[in-house]
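Single-letter residue listing:
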Amino acid sequence: MSAQRHEMHLLTGSYALDALPDAERAAFRKHLAQCAPCADEVRGLRETAARLAMATAIESPTEMRARVLAAAPLTRQLPPPGRVPLALAGQRGGRAARSRLSRPSQAGIAAILALAAAVVFLLITQVTTRQELRQSQSASQAIAAVLAAPDARIEMMPATVGGSVTAVLSVREHEAVVTTAGLPAPAGSRSYQLWVMSPTGARSAGLLPASHAGSTSPVLAVAVEPGDRLGITVEPAGGTAQPTTTPVVVMPVPVVE
Amino acid sequence: MVRFESPGVNTPSTTPRQPGPARAEQTRAEHSGRDLESLLIRVARGDHAAFEAVYDRLTGPVYGLVRKVLRDPAQSEEIAQEVLLEVWRTASRFDAARGSAAAWVMTIAHRRAVDRVRSETSSARRELKVLPGPVSGDDVAELVETALDRQRVRRCLGTLTPLQAESIKLAYYGGYTYPQVAELLGVALGTVKTRIRDGLIRMRDCMEVTW
């Protein structure tokens, strides 16, 4: 028994370096909970490992900075552990709908980073004419404004044809930015068209650009009101005035605040 | 309730911006040591400026560590940005009573890198690229920047026995499990376990880690 405990204690170092195979790691974590000296030692050894980490510092890619800082405001933060009183949870009740949308899973984080990357890409893309530059800049600025809106929230939905659609919505700005990932290319010369659908009818928000590496760059939908829905349909080249096919995705714009 | 009404406060840097060497220098001087802890506490409250400062201070080591383990620049960038965003997302879980902010972040970074290495698909990819040679003895020295940290680490690694130093480097920088380290070095499992622990304890004392 004590020999076994001793054996366990020897694992502090490997644990602090993430060098335990999964099964042993799980067993050691259980042991840690009951072994205060082990926990103390692990703490010190983790600090030591952190020094080893600090010594590896190299310059990180510059584009990473813009992406991460753009993604942060779109990423809901975890509440403090265990000390969230019910009252506070109630206070947030008004935004229950939002929390479902904006609490990112691992996949959510990846999607947000992809979206941020698309925006940054758009902002730095080389354009050839002055006219294009102006257009691209104003589109980028509008998109950046939605992403930066204090009430921006992200919603993701699978499309019926496969792939997924991600929208960043700002009720305050009345705007939404829509990107897609993994949607199959529409047959022939057809393309995807984005619609803002309200009780009074559907209004085109433009065609989705051809996808790059499975993703489409962001498209801005304006004058979006709570209760509207965003829809995407497959339409003939150049688009149509009204949707003519069943949407591959219909995304409600939540009514909050 | 904290709200960010002023766009000036909350505007994320979607435009590429110059990090600015002078500014980075200042940030480093201002936020050395304990300040990183108070910055993280502000990050937990949704403070973007604080997150920016944390980013600037830790992006180098996070990217460096992940890159050291994964080697592949594209994968490293992907993981590093996930780690930094994870810092934003989970800042409220940081507990200053249980360790330093740097250790908290570096633990997340190392764990993520190691998870990637050990997931099946990438391990196949990685073995192709990396296995030809274990981490060389010069690896720590080859990296430039944060010269003081590096110097101290190098000096302290130098006080270990070669087997201790090699085991620690393979485990931490190489992302190997201790049985893999044992196999690579051709020594018994029990030996590696004790060498890693003894070596780390010696490193801790040598670097005067106070936790």
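Q: Could you give an account of the overall build of chain B, naming the residues involved and the relevant values?
A: Across its full length, chain B carries twelve helices and zero strands. Listed N to C, the secondary structure of chain B is α-α-α-α-α-α-α-α-α-α-α-α in terms of helices and strands. Burial analysis of chain B (211 residues in total) assigns 52% to the buried set. Nonlocal contacts in chain B, meaning residues at least 24 apart in sequence, comprise 66% of its contacts between residues at least 6 apart. Surface accessibility of chain B: about 9,800 Å² in total, with carbon and sulfur atoms responsible for 53%.

Q: Describe in detail the sheet that holds strand β6 (residues 219-221) of chain A, supporting the description with residues and values.
A: Residues and elements named next belong to chain A. What the four strands build is an open sheet, ordered β1-β2-β3-β6; its pairing is antiparallel. Each edge of the open sheet is held by one strand with a lone partner, namely β1 (153-158) and β6. Here the strands of the sheet are splayed against their neighbours by 25 degrees on average, with no regard to which way each runs. Relative to β6, strand β3 (residues 175-181) is paired through three bridges, and the arrangement is antiparallel. Bridge pairing in β6 links V177 to L220.

Q: So, the environment of H174(A): which residues are in play, and what are the values?
A: Residues and elements named next belong to chain A. Within the secondary structure, H174 sits in the loop between β2 (164-170) and β3. Residue H174 is classed as partly exposed on the basis of its relative accessible area of 31%. Each C-alpha atom of the pair H174 and V222 lies 6.2 Å from the other, and the pair is 48 residues apart in sequence. Once residues lying within four places of it in the same chain are set aside, the contact partners of H174 are A221, V222, A223, V224 and E225.

Q: I'd like a description of the interface of chain B and chain A, backed by residues and values.
A: Counting from both sides, the interface comprises 84 residues of chain B and, opposite them, 67 residues of chain A. Here chain B meets chain A over a buried area of about 6,900 Å², counting both sides, of which 62% is carbon and sulfur. Summed over the shared surface of chain B and chain A, the result is six salt bridges. Linking E77(B) and R67(A) is a salt bridge whose minimum nitrogen-to-oxygen distance equals 2.2 Å. The interface formed by chain B and chain A holds 29 residue pairs in polar contact (both at pLDDT 80 or more) in total. Elements supplying a minimum of two residues to the side of chain B that touches chain A: α3 (35-44), α4 (48-70), α5 (73-90), α6 (101-118), α9 (147-157), α10 (162-172), α11 (178-185) and α12 (189-206) of chain B. Counting residues per element, the side of chain B that touches chain A draws most heavily on α4(B), at 14 residues. Looking at side-chain class alone, the side of chain B that touches chain A contains 38 nonpolar, 20 polar and 26 charged residues.

Q: Mind laying out the nonpolar core, listing which residues take part and the relevant values?
A: Core analysis: the biggest nonpolar cluster contains 80 residues, and L17(A), L58(B), V62(B), M106(B), V153(B), Y172(B) and M203(B) have the highest contact counts within it. Sort the elements by how many residues they give to this core and α4(B) lands first, with twelve residues. Grouped together as the second largest cluster of nonpolar side chains are 22 residues, A221(A), V248(A), V249(A) and M251(A) included.

Q: Let's hear about the pattern of salt bridges: which residues, and what values?
A: Evaluation of the coordinates by the stated rule reveals 13 salt bridges over all chains. Between E41(A) and R197(B) there is a salt bridge, with the nearest N and O atoms lying 2.5 Å from each other. Of this pair, E41(A) sits in helix α4 (residues 36-54) while R197(B) sits in helix α12, which puts the two residues in different chains. When sorted by exposure, E41(A) lands in the same class as R197(B), which is buried. Three or more residues joined by partner-sharing salt bridges are found here, namely E82(B), E86(B), R89(B) and R112(B).

Q: Provide a residue-level description of the sheet that holds strand β7 (residues 229-235) of chain A, including the pertinent values.
A: All names here are of chain A. Sheet architecture is open: four strands sit in the order β5-β4-β7-β8, paired in antiparallel fashion. In this open sheet, the two edge strands, each paired with only one partner strand, are β5 (201-207) and β8 (249-252). In this sheet, adjacent strand axes meet at a mean angle of 25 degrees when their direction is disregarded. The sheet contact formed by strand β4 (residues 191-198) and β5 spans six bridges and is antiparallel. Each bridged residue has a counterpart across the sheet, and for M197 the counterpart in β5 is A202.

Q: If you had to explain the state of the cysteines to someone new, which residues and values would you point to?
A: Cysteine pairs can be linked by a disulfide, which is a covalent bond between their two sulfur atoms. Residues and elements named next belong to chain A. Here the structure, examined in full by the defined rule, presents two disulfides over all chains. One disulfide bridge connects C35 with C38, the sulfur atoms lying 2.2 Å from each other. As the torsion about the S-S bond is roughly 70 degrees, the C35-C38 disulfide counts as right-handed. Comparing C35 with C38 shows no difference in burial state: the two are buried.

Q: How would you sum up the environment of Y192(A)? Please name residues and give values.
A: Residues and elements named next belong to chain A. With respect to the secondary-structure elements, Y192 resides in strand β4. Expressed as a C-alpha distance, the spacing of Y192 and P209, which sit 17 residues apart in the sequence, is 8.1 Å. Residue contacts for Y192: discarding those within four places in its chain leaves V161, L183, P184, P186, L207, L208, I232, T233, V234 and V248. A polar side-chain atom of Y192 sits 2.5 Å from the main-chain carbonyl oxygen of P184.

Q: How would you sum up the pairing of β7(A)? Please name residues and give values.
A: All names here are of chain A. Within β7, six of the seven residues are buried, which leaves the element mostly enclosed by the surrounding structure. With seven bridges joining them, β4 and β7 adopt antiparallel strand pairing. In the sheet register, S191 faces β7, and the bridge partner there is E235. Here β7 runs beside β8; their pairing, made up of four bridges, is antiparallel. Along β8, the bridge assignment pairs R229 with P252.

Calculation criteria
- Starting afresh in each chain, residues are numbered from 1 along the sequence in its written order.
- Following the order in which they are written, the chains are lettered starting with A and the ligands numbered starting with 1.
- The predicted origin of the model limits local features to residues at a pLDDT of at least 70 and limits the giving and counting of side-chain atom pairs to 80 or more, whereas totals for whole chains, interfaces and linings rest on all residues.
- Note that water and hydrogens are dropped before the side-chain values are worked out from all heavy atoms of the structure.
- Counting from the N terminus, the helices are DSSP H or I runs at least four residues long and the strands are E runs at least two residues long.
- For every residue, the accessible area obtained with a 1.4 Å probe (protein chains only) is divided by the maximum for its type, and the residue is called buried under 20%, exposed over 50%, and partly exposed between those limits.
- Contacts between residues were defined by any pair of non-hydrogen atoms, one from each residue, lying within 4.5 Å.
- Surface exposure here means Shrake-Rupley accessible area, sampled with a 1.4 Å probe, where a residue is shielded only by the protein chains that are shown.
- Strands qualify as paired when DSSP identifies two bridges or more between them.
- For helices, the axis comes from a line fit to the C-alpha atoms of the stretch in contact; other axes are also lines fit to C-alpha atoms, and the angle between any two N-to-C directions lies between 0 and 180 degrees.
- Two parts placed together each lose some accessible area; with a 1.4 Å probe, that loss summed over both constitutes the buried area.
- Only one rule defines a salt bridge in this text: a Lys or Arg side-chain nitrogen within 4 Å of an Asp or Glu carboxyl oxygen.
- Side-chain atoms alone can form a polar contact between residues adjacent in sequence; in general such a contact is a pair of N or O atoms within 3.5 Å, and within protein one must be able to donate a hydrogen while the other accepts it.
- Polarity classes work like this: nonpolar for Ala, Val, Leu, Ile, Met, Phe, Trp, Tyr, Cys and Pro, charged for Asp, Glu, Lys and Arg, and polar for all others, with Gly in that last group.
- For our purposes a nonpolar core is just a set of buried Ala, Val, Leu, Ile, Met, Phe, Trp, Tyr and Cys residues, chained together by side-chain atoms within 4.5 Å.
- The rule for a disulfide is simple: a pair of cysteine sulfur atoms within 2.5 Å.

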